[in-house]
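# Structural overview
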Amino acid sequence: MTKFQRLKRILFGILMIIVAAVMMEYADKSYMAILVFIGWGFMVSGIGSMFYYFNMARFMVGGRRALYIGVILMDFGIITMSLSDVPGMYVLLYLAILHAFTGVIEILRARETMKNGSKHFKLKLSHGIIDVVLAILCIIFLKDTKLAVYIYSFGLVYSGIMYVISGFRRTAMLQYIP
Amino acid sequence: MQEDFHYYATYCAAFLAGFTHEEALDICYSAQFVDLCSRTLLLKIGAPQNAATTQLSLEMMDAGTDIVGLQDITRIWASFHFLPKDLYAKKAKRTKRYMDRYRLICGPNGELLKKTVELAKGHGLQHAGIAMHVLADTWAHSNFAGTPTLVINNTDEHFYEFREAACDGEKGNAGMGQDTDSDGTWVKIKFRHSPSEPDDVEKGLYSNSLFQGNEISIMNLGHGRAGHFPDYSFAKYKYLPAWGEYHELIKDNPWDYRKAFSQMVYAMKYLKGSIDSFETERYEEAVLEKYGDRIDRILRKRQINACSDWKEFGEELSGQEIPDFDVEKYQDEYSKAGKDEKENTFIGRFIKGALAQKGMVTGEIFKSGNMIAGFSKALPKGKLFIQNFFK
């Protein structure tokens, strides 16, 4: 990573920690802010993926993948932002499930890395497990939305710290260079 | 390609082209040095880093894939290892962004190859070696581009290797290049992503770079997605290239490497002055008539490294010993030379050739309207001194 890339990671990690702190301070309403962030995040990613498809990937073998990913991400973004009228409990449930899904994907990726003989899977695996555990805790304490927000914020703090650490870490070896 | 071809086979080709043993050693050393002349090495000996002809994995790790980083990567890999075949290729209904990458696809007998060989004429053995490295790689690395691009360099699970039926590494369909299915079978390849474990050609265990959906990921540079297959002289394989519109492509390395060898002999005859011009699609057939069987046996033998076979062939040709490649051989000469003397050292002459090659290719890419290798500016001839690149 270049110094600029490292700085970006560290700043992003710090931003996540700040956002978590703000959420904990305004726990009653902060889940709406989460919805907006995540919704817009999905929308932008989805649009980006679709733009890439129409610009480049449609000429590539297997390029439709980019289109499917784009459409799915956009749909997620729209669904996420449409949840503003729903009681907070359900919003938190949605967020928890999303978090759990992310955690499961991380675990599967870590397993695949491990199966392929690479040793660089432990961090990914622990990240995935923590995501899933936090999601479960969120669901268990769903009725107490404040507590659920605190749990979610803890997850953000953990992710933020991981980003900051990775900004200082020597990056993993590339797997193949021609 | 690997050391077996870039060093030992280039030696053989140089000797057969009429160079002396010592001259052939200089040429083949330079050809192999292209794969090792990284920024780290140049920094170590106090040489201009702009002359790097390769990037180490650690350097790639640090290299950003922002716009400047991408241009830097493309300049090195497209100039020395994935020489574009046709910078003006046309393809209907494609965006310019796509075509900028498509036009970087490497292939033999392109216009840039002619320019590469002609550029080396009269500029010393080191530059000749660089040109031979580039020429050889146009055969091995064809159908991939020297820039990180998913839409050109990706491969998928449709990847098969041809395994000959009578698995006798000494024989093969010498020079025919048209194995029929009755001569063997197509075996599906399932790549693993284990960089620490070498490929096992007997068991058919191969590594490649991980799939990365990001267009400009380093994993999508060159032939990483095809693993080391392009560099194995024995390999015949088929796959669906990302740019190929679902048409299967069969790559016959023994056939291609044979062509590369004969073209190297022809090119070096031109560089020596034995023939007046270098044209693409021309080969030294006489060499193949005399040594074709021997060359085919080496190429088709199922082994990761054919150095010993090529070395044996080279020593038989010249009657002299070919020393093993030593990357540090000329480093002291360069680092201890005075500022004004560096240009006349072995590595100094190599650097001059590398800068010329890189400048030519980058300039041609820029001239074609493709900004993927960045801006290029022509220096007046008299300004091409090594010292200028320290500024």
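Below: a short report on this structure.

The rules behind the values
- Residues numbered from 1 in each chain as written.
- Chains lettered and ligands numbered in written order.
- Predicted model: local features only at pLDDT ≥ 70, side-chain atom pairs only at ≥ 80, totals over all residues.
- Helix = DSSP H or I, 4+ residues; strand = E, 2+ residues; numbered from the N terminus.
- Buried ≥ 20, exposed ≤ 12 C-beta atoms within 10 Å, placed from the backbone.
- Contact = placed C-beta atoms within 7 Å.
- Pairing = 2+ DSSP bridges.
- Axes fitted to C-alpha atoms, helices over the stretch in contact; angles between N-to-C directions.
- Arc of directions from axis to C-beta.
- Parallel < 35°, antiparallel > 145°, perpendicular 65-115°, else oblique.
- Left-handed = near helix turned anticlockwise from the far one by under 90°.
- Nonpolar A, V, L, I, M, F, W, Y, C, P; charged D, E, K, R; others polar.

Assigned secondary structure in chain A consists of six helices and zero strands. Scanning chain A from its N terminus toward the C terminus, one meets helices and strands in the order α-α-α-α-α-α. Here chain A, with 178 residues, has 27% of them falling under the buried criterion. A separation of at least 24 residues holds for 71% of the contacts in chain A among residues at least 6 apart in sequence.

What is expected of a backbone is that most residues other than glycine have negative phi and most peptide bonds are trans. All names here are of chain B. For Asn 109, which is not glycine, the phi torsion reads 60 degrees and is therefore positive. By the element assignment, Asn 109 lies in the loop between helix H6 (96-102) and helix H7 (111-120). Judged by the 17 C-beta atoms lying within 10 Å of it, Asn 109 is partly exposed. Even without a glycine there, the phi angle at Glu 245 is positive, about 55 degrees. Inspection of the secondary structure puts Glu 245 in the loop between strand S3 (236-239) and strand S4 (249-252). On the neighbour-count criterion, Glu 245 (11 C-beta atoms within 10 Å) is exposed.

Now for the sheet that holds S3 of chain B. Residue and element names in this part refer to chain B. Across the sheet, which stays open at both edges, the four strands sit in the order S2-S1-S3-S4 with antiparallel pairing between neighbours. Each edge of the open sheet carries a strand with a single partner, namely strand S2 (184-188) and S4. The average undirected angle you get between the axes of adjacent strands in this sheet is 25 degrees. By the bridge criterion, five bridges tie strand S1 (residues 159-164) to S2 in an arrangement that is antiparallel. What sits directly across from Arg 163, in S2, is Thr 185. Helix-sheet contacts for helix H10 (residues 253-272) involve S3 and S4, and the interaxial angle to S4 is about 55 degrees.

All names here are of chain B. Turning to H7, its buried residues number three or more, namely Leu 112, Leu 113, Thr 116, Val 117, Leu 119 and Ala 120. Seen along its axis, H7 keeps its buried residues to an arc of 160 degrees; they face one direction. Among the residues trailing H7, Gly 122 stands out with phi positive, at a value near 75 degrees.

We now examine the environment of Lys 336 of chain B. Of note, Lys 336 of chain B is situated in helix H13 (residues 331-336). For Lys 336 of chain B, a count of 12 C-beta atoms within 10 Å puts it in the exposed group.

It is worth spelling out the packing of helix H8 (residues 124-140) of chain B against H10 of chain B at this point. Residue and element names in this part refer to chain B. Put simply, H8 and H10 touch, their axes get as near as 9 Å, and they point 155 degrees apart. In terms of their interaxial angle, H8 and H10 are classed as roughly antiparallel. Considering how the two elements wind past one another, H8 and H10 form a crossing that is right-handed. Contact with H8, carried on its side by Ala 128, Ala 131, Met 132, Leu 135, Ala 136, Trp 139 and Ala 140, involves Asp 256, Tyr 257, Lys 259, Ala 260, Gln 263, Met 264, Ala 267, Met 268 and Leu 271 of H10 and no other residues of that element. Residues that form the contact of H8 with H10 fall into these classes: 13 nonpolar, one polar and two charged.

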